[in-house]
Amino acid sequence: MAETRDDLSTADGIWSLRRLPEMDEAQFSQWQTLLEHRTGMALTESRKSFLETNLGIRMREIGCNSYQAYYEQIVSGPDAIVEWATLVDRLTVQETRFFRDEDAFRLVSDYVMTRPRETLRKRPLEAWSVGCSTGEEAYTLAMILNQCMEALALKPLFGVTGSDISKPAITKARSGLFSARKLTSIDKTMKNRYFRPAQRNTVEIVASIRDRVCFTHLNVLDLKHAPMHGVNIIFCQNLLIYFRRWRRREIVKRLAERLAPGGLLVLGQGELTDWHPPGLQRVPSEHVLAWIKRQPDEE
Ligand SMILES: C[S@@+](CC[C@H](N)C(=O)[O-])C[C@H]1O[C@@H](n2cnc3c(N)ncnc32)[C@H](O)[C@@H]1O
């Protein structure tokens, strides 16, 4: 087997990193299967170099020099669970931002504003950000719901849950602290209302919003074990895009089961095509992919 460890180049006396050898087809296929089985992510051939780079970085950190040895460590090593948690964080795309899909958040706002006032006054509104990454989407939902309650002159009777497979992302989300750079494209009124300057170029979410949002570690492949039921708004964007079509449908079916009658499910544009989830009615919108769960008497 080729020597692959970080190495001292003796010829010119400068430290250099020797690259890991290219991953062969059998190894790639083994990693593809493992990742898809455990996370749902289907890694295409075009993502092979992404996999090699990220595995390579992690392997260097722990001093491992072969893909096979690392694979064995992940599936059966003494620290397999801990190492898997680290790796999954490195291999998932966590890009996100506050108010990312403005049309979708406007739809949420319209949905809340047109609900019977009496219901909003009596029953807490529950929202869920599925695949919430570092929390921006969940906090945005809370801000939108708060704006609605204020506009309706109602008490802020709502809660938002954010869930993600990445534990480090969830820890970051819980902190409620973000780089000030993340606010550059946010409307000034919302910025002043919901963020406070914190230490060293960071901002924190105001307590009135943080108190209404909680975060939990959850793999969408394990939705059957999720304790969420009767949710009014489920927001799941930029997650299903990494999954195969049959799996997207399975997950959407599971999410629909967690919706309250009359509840709203919002996905990302183009994330579900050529299929109509049973029991749901499409919201007529050109820019947002969303459904309402039919009431039992509408079935
Ligand atoms: C691109 S981010 C999307 C964040 C946010 N929803 C948005 O649209 O801005 C995708 C997130 O899905 C999470 N993810 C990937 N596979 C997952 C799984 N099987 N279960 C739960 N979350 C998963 C990733 O960790 C990542 O944080």
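Conventions we followed
All chains use their own residue numbering, which begins from 1 and follows the written sequence. Reporting in this predicted model follows two pLDDT cut-offs: at least 70 for local features of residues, and 80 or more for side-chain atom pairs to be given and counted; totals over whole chains, interfaces and linings ignore these cut-offs and use all residues. As a convention, hydrogens and water are excluded, and side-chain values are obtained from all of the structure's heavy atoms. Going along the chain from the N terminus, every DSSP run of H or I of four or more residues is numbered as a helix, and every run of E of two or more is numbered as a strand. Whether two residues touch is decided by their heavy atoms; if any such pair falls within 4.5 Å, the residues are in contact. Every axis corresponds to a line fitted to the C-alpha atoms, with the helix fit spanning only the stretch in contact, and the corresponding angles, defined between N-to-C directions, vary from 0 to 180 degrees. Any angle that is under 35 degrees is reported as roughly parallel, and any over 145 degrees as roughly antiparallel; angles of 65 to 115 degrees are reported as roughly perpendicular and all others as oblique. Three residue categories are used. Nonpolar comprises Ala, Val, Leu, Ile, Met, Phe, Trp, Tyr, Cys and Pro, charged comprises Asp, Glu, Lys and Arg, and polar comprises the others, including Gly. Each domain's limits were defined by an automated method or a database of domain assignments. Summed over both partners, the accessible surface that disappears when two parts come together, traced with a 1.4 Å probe, is what is meant by buried area. A side-chain nitrogen of Lys or Arg and a carboxyl oxygen of Asp or Glu constitute a salt bridge if their distance falls within 4 Å. Throughout this description, a polar contact denotes any pair of N or O atoms lying within 3.5 Å of each other; where both atoms belong to protein, one of them has to be capable of donating a hydrogen while the other can accept it, and for residues adjacent in sequence the pair is counted only when both atoms sit in side chains.

Tracing the chain through its elements places glutamate 83 in helix H4 (residues 80–91). Look past the residues within four positions of glutamate 83 in its chain and what remains in contact with it is Arg58, Ile62, Tyr70 and Ile74.

Attention now goes to the packing of helix H3 (residues 67–76) against H4. Following both chains from N to C, one finds H3 and H4 inclined at 115 degrees, their axes separated by 6 Å at the closest point. Classified by the angle their axes make, H3 and H4 are roughly perpendicular. In this structure, H3 uses Tyr70, Gln73, Ile74, Val75 and Ser76 to contact H4, whose residues at the interface are Ala80, Glu83, Trp84 and Leu87. Here the residues of the contact of H3 with H4 sort into six nonpolar, two polar and one charged.

By the assigned domains, the protein splits into domain 1 (7–91) and domain 2 (102–298). Computed from C-alpha atoms alone, the centre-to-centre distance between domain 1 and domain 2 is 33 Å. Summing both sides of the interface, domain 1 and domain 2 together bury roughly 880 Å²; the carbon and sulfur share of this comes to 53%. On the domain 1 side of the interface with domain 2, the three residues burying the most area are Glu36, Gly40 and Asp89, jointly 40% of the side's total. Our enumeration of links across domain 1 and domain 2 arrives at one salt bridge. Between arginine 244 and glutamate 36 there is a salt bridge whose closest N-O contact spans 2.6 Å. Connecting domain 1 to domain 2 are five residue pairs in polar contact (both at pLDDT 80 or more). Mapped onto the side of domain 1 that touches domain 2, the elements with two or more residues apiece are helix H1 (25–39) and H4. Per element, the largest residue contribution to the side of domain 1 that touches domain 2 is four residues, and it comes from H1. Of the residues in the side of domain 1 that touches domain 2, the class split is four nonpolar, three polar and three charged.

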